[in-house]
Amino acid sequence: MLEFFKDLWAFMRERKKFWLAPIILVLLLLGVLIVFAQGSAVAPFIYTLF
């Protein structure tokens, strides 16, 4: 998994695609939020955001 992020960073640095970094970061944060919210008591409150 770490190798994937190294390759992704190398791609963005080589091709000057730094605008992809915020998009990837937001997608990762949303994914983590959904995974952690599924089994918790906070889930109903998080789902009202969407």
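Bear in mind that the values here come from a model prediction, so they are computed numbers and not experimental data.

Quick notes on the environment of M12
Here M12 is to be found in helix 1 (residues 2-15). Judged by its relative accessible area of 4%, M12 is buried. Ignoring sequence-local partners within four residues, the contact set of M12 consists of K17, F18, L20, A21 and I24.

Things to note about the packing of helix 1 against helix 2 (residues 20-37)
The description of two helices packed together rests on the angle between their axes and the distance between the axes. Closest axis-to-axis distance for the helix 1/helix 2 pair is 11 Å, and the angle between their directions is 150 degrees. Here helix 2 runs roughly antiparallel to helix 1, going by the angle between their axes. The segment helix 1 lies against helix 2, with F5, L8, F11 and M12 engaging L20, A21, I24 and L28. Grouping the amino acids of the contact of helix 1 with helix 2 by side-chain chemistry returns 8 nonpolar, no polar and no charged.

Focus on the packing of aromatic side chains
All chains considered together, the criterion is met by 2 aromatic pairs. Geometrically, the ring pair formed by F4 and F5 is edge-to-face, given 5.6 Å between the ring centres and 65 degrees between the ring planes. Geometrically, the ring pair formed by W9 and F18 is tilted, given 5.7 Å between the ring centres and 55 degrees between the ring planes. Of the residues examined, W9 reaches a relative accessible area of 41% and is grouped as partly exposed. On the basis of relative accessible area, F18 is assigned to the partly exposed category, the value being 39%.

Some remarks on helix 1
Relative to the 20 Å expected for 14 residues at 1.5 Å per residue, helix 1 spans 20 Å between its end C-alpha atoms, a close match to the ideal helical length. K16 sits one or two residues past helix 1 and shows a positive phi near 60 degrees.

The rules behind these values
- Residues numbered from 1 in each chain as written.
- Predicted model: local features only at pLDDT ≥ 70, side-chain atom pairs only at ≥ 80, totals over all residues.
- Heavy atoms only, no water.
- Helix = DSSP H or I, 4+ residues; strand = E, 2+ residues; numbered from the N terminus.
- Buried < 20%, exposed > 50% of the residue type's maximum accessible area, 1.4 Å probe, protein only.
- Contact = heavy atoms within 4.5 Å.
- Axes fitted to C-alpha atoms, helices over the stretch in contact; angles between N-to-C directions.
- Parallel < 35°, antiparallel > 145°, perpendicular 65-115°, else oblique.
- Nonpolar A, V, L, I, M, F, W, Y, C, P; charged D, E, K, R; others polar.
- Phe/Tyr/Trp six-rings, centres within 6.5 Å; stacked < 30°, edge-to-face > 60°.
- Expected span 1.5 Å × (residues − 1).

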